Protein chains: 2
Amino acid sequence: MKPKQARIALVQMRCGAKPEENFSRAIAFIRDAAKQRAQISQSEDHKNFELAEEIPGRSTSAFGDVARENGIVIIASLFERRSAGVYHNTAVIINADGKLLGKYRKMHIPDDPLYHEKFYFTPGDLGFQAWPTAHGKIGVCVCWDQWYPEAARLTALRGAEILFYPTAIGWHPSEKKQFGAAQYSAWETIQRSHAIANGCYVAAANRVGHEVPPLVASGGGDGIEFWGQSFVATPSGEIIAKGSVDREEIVMADVEWGRVNEHRTHWPFLRDRRVDAYAGLEKRMID
Amino acid sequence: MKPKQARIALVQMRCGAKPEENFSRAIAFIRDAAKQRAQISQSEDHKNFELAEEIPGRSTSAFGDVARENGIVIIASLFERRSAGVYHNTAVIINADGKLLGKYRKMHIPDDPLYHEKFYFTPGDLGFQAWPTAHGKIGVCVCWDQWYPEAARLTALRGAEILFYPTAIGWHPSEKKQFGAAQYSAWETIQRSHAIANGCYVAAANRVGHEVPPLVASGGGDGIEFWGQSFVATPSGEIIAKGSVDREEIVMADVEWGRVNEHRTHWPFLRDRRVDAYAGLEKRMID
């Protein structure tokens, strides 16, 4: 039977230099969310755990235990070691019975100052997907994917009624004064727009805290100030839950799956798509 | 030589029951904008002019005269009579020399209460385009198109550095209290998101004023309150000019074409698109 609603928990946490400690703290946050009757729990982008490992593996096994014990769905980002020299930024989807339901390998890979992702990560090859979990049909993209309407659309077309974005985005402290407000606003706006365009929920769990990696500090850099503010938006783009800018916390929201259909009936964007006229979207430029 | 900047004027006006009067008032607004050194002038969605006519025709000729006299580019919506029984909601692009540079036939056609567009309009068959005008490379979509990331993306991929959206959107007065703020916010958000996703400017000229068509009034309806608030957003989605909610006015903004490339260099979303993985966007649903 299709569930009518779900309680979503976004784990907004800091990450320190010790991967094992980050991991056990993430598990503790998820247990805490379950106590608050969360049904789908998402922890943010853990790429800096640098616990590259196979999937399934030790982490999915530990998450699986927590999921089964608490009857919750868990979405978690991992650093996947697929083969020698082939690593992915991968999100795993673990169902409420503890089984690994699927994985999403980050499709769009950035390469920004202090984010050397094109060096570490092979672009995903599993495409955009949706999974029918015990608590609702969900889609998962990761971080940089959030800037791509194509990713959101394809995930929604596969039936996802909520799009999860585990993410780790922040300010370069030296840019914050001049560009910070616009950068944050763009990030929130593009994700709200995915909810609006697709008539679905969007949930973004973002990292929080100011991190200065030792190598960066020795080079005189000032690291990244992860801006938190994890949020859940409704199909009309309204934000119904939002985390703080500087604290660790669990951001909770109750979603009503019936609103997806109701909203799409009143805002029938999917009805009117010109699927006959979208050739060219698979080109780099049309020139 | 490619222009470095352009002054944009959005004509935010009311429309009355007399088509000829609306038309001459639009011309007067455009002349006024030209006096304020506007170089690209966009008037809002004139579908209710119900001046169905051939293109080129009387209107494009009149707009052409104004464009040539003032050296400005004009974008105007018209009710195109293409053939017996085949009508389009069409925007014309008139270059600064007065010549008709191109036309865009609205691709996405809605059918909402009080907007019987699927009855009047044949869906466009010219696709998404961009035009090199004397004052910059522009793209034009119309109204309901604004809800579709595909339309914005395809227009940008063709080289448009600003997307114009002539539009006529408003509140049903009976819904305004409960849904009004969210509806307006969704409209602004989705269009800002096109600027962000594509690293280009967006300019939306919206109608203003409360209109109650005679037929609606006799049925006890209370018409539509067009919400004005025409705006121009930068490639990062920041709004740099915005009209009022209830007054006719010309909304002016200066755009710097160099910001498009600068922005796309800092936010290199177009660089990382997964053009190999977007199959499915041309499907209704992937099920």
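Look a little higher up for the structure.
Being a predicted model, the structure only gives us computed values, none of them experimental.

(A) Representation of the packing of helix H4 (residues 149–157) of chain A against helix H5 (residues 173–198) of chain A in the model. All names here are of chain A. Where H4 contacts H5, the two axes come as close as 10 Å, and the packing angle between them is 40 degrees. Here H5 runs oblique to H4, going by the angle between their axes. In the packing of H4 onto H5, the handedness of the crossing is right-handed. Across from Pro 149, Ala 152, Arg 153 and Ala 156 in H4, the residues of H5 making contact are His 194, Ala 197 and Asn 198. Looking at the contact of H4 with H5 residue by residue, the class counts come to 4 nonpolar, 2 polar and 1 charged.

(B) Molecular detail of the interface of chain A and chain B. Across the boundary between the two partners, chain A contributes 53 residues, which contact 53 residues of chain B. Between A:Asp272 and B:Lys118 there is a salt bridge, and its shortest N-O distance comes to 2.8 Å. Elements with a contribution of two residues or more to the side of chain A that touches chain B: H4 and H5 of chain A. Tallying contributions element by element places H5(A) first for the side of chain A that touches chain B, with 10 residues. Class assignment for the residues of the side of chain A that touches chain B results in 28 nonpolar, 10 polar and 15 charged.

(C) Seen up close, the sheet that holds strand S14 (residues 239–242) of chain B. All names here are of chain B. Across the sheet, which stays open at both edges, the 6 strands sit in the order S6-S7-S8-S10-S13-S14 with mixed pairing between neighbours. Strand pairing shows two members of the sheet lacking a second neighbour, strand S6 (130–133) and S14, which therefore form its edges. The sheet shows a mean angle of 20 degrees between the axes of neighbouring strands, taken without regard to direction. Relative to strand S8 (residues 162–167), strand S7 (residues 136–140) is paired through 3 bridges, and the arrangement is parallel. Pairing of Val 140 across the sheet is with Phe 164, part of S8. With respect to the sheet, helix H5 (residues 173–198) is in contact with S8, strand S10 (201–206), strand S13 (231–233) and S14, its orientation differing from that of S10 by roughly 150 degrees.

(D) Spotlight on the relation of the copies chain A and chain B. For the match of chain A to chain B, the screw axis carries a shift of 0.0 Å, the RMSD comes to 0.0 Å, and the turn is 180 degrees. Between the two chains, the operation in question is that of a two-fold axis. Here 100% of the contact residues of chain A are again contact residues in chain B; the copies associate through an equivalent surface.

(E) Here's a closer look at the environment of A:Thr234. Residues and elements named next belong to chain A. Note that Thr 234 resides in the loop between strand S13 (231–233) and strand S14 (239–242). Among the residues examined, Thr 234 registers a relative accessible area of 1% and is labelled buried. Between the alpha carbons of Thr 234 and Thr 60 there is a distance of 29 Å; along the sequence they are 174 residues apart. Setting aside its immediate chain neighbours within four residues, Thr 234 contacts Ala 195, Cys 200, Tyr 201, Ile 240 and Arg 259.

(F) Looking closely at the pattern of salt bridges. What the rule picks out here adds up to 40 salt bridges over all chains. Here A:Glu80 and A:Lys103 are joined by a salt bridge, their closest N and O atoms 3.3 Å apart. Taken together, the positions of A:Glu80 in strand S3 (residues 73–83) and A:Lys103 in strand S5 (residues 100–105) put the pair 23 residues apart, joining distant regions of the chain. Ionic pairing is found between B:Lys2 and B:Glu161, a salt bridge with its closest N-O pair at 3.3 Å.

(G) Representation of the nonpolar core in the model. The biggest cluster of nonpolar side chains holds 124 residues, and the ones touching the most others in it are A:Trp147, A:Phe164, B:Trp147 and B:Phe164. Ignoring sequence-local partners within four residues, the contact set of A:Trp147 consists of A:Ile169, A:Ala186, A:Trp187, A:Ile190, B:Ile196, B:Ala197, B:Trp267 and B:Phe269. Judged by nonpolar contacts, the second largest core, of 23 residues, contains B:Met13, B:Ala34, B:Leu78 and B:Ile250.

Thresholds applied
- Residues numbered from 1 in each chain as written.
- Chains lettered and ligands numbered in written order.
- Predicted model: local features only at pLDDT ≥ 70, side-chain atom pairs only at ≥ 80, totals over all residues.
- Heavy atoms only, no water.
- Axes fitted to C-alpha atoms, helices over the stretch in contact; angles between N-to-C directions.
- Helix = DSSP H or I, 4+ residues; strand = E, 2+ residues; numbered from the N terminus.
- Parallel < 35°, antiparallel > 145°, perpendicular 65-115°, else oblique.
- Left-handed = near helix turned anticlockwise from the far one by under 90°.
- Contact = heavy atoms within 4.5 Å.
- Nonpolar A, V, L, I, M, F, W, Y, C, P; charged D, E, K, R; others polar.
- Salt bridge = Lys/Arg side-chain N within 4 Å of Asp/Glu carboxyl O.
- Pairing = 2+ DSSP bridges.
- Least-squares fit on C-alpha atoms with pLDDT ≥ 70 in both.
- Buried < 20%, exposed > 50% of the residue type's maximum accessible area, 1.4 Å probe, protein only.
- Core = buried A, V, L, I, M, F, W, Y, C linked by side-chain atoms within 4.5 Å.

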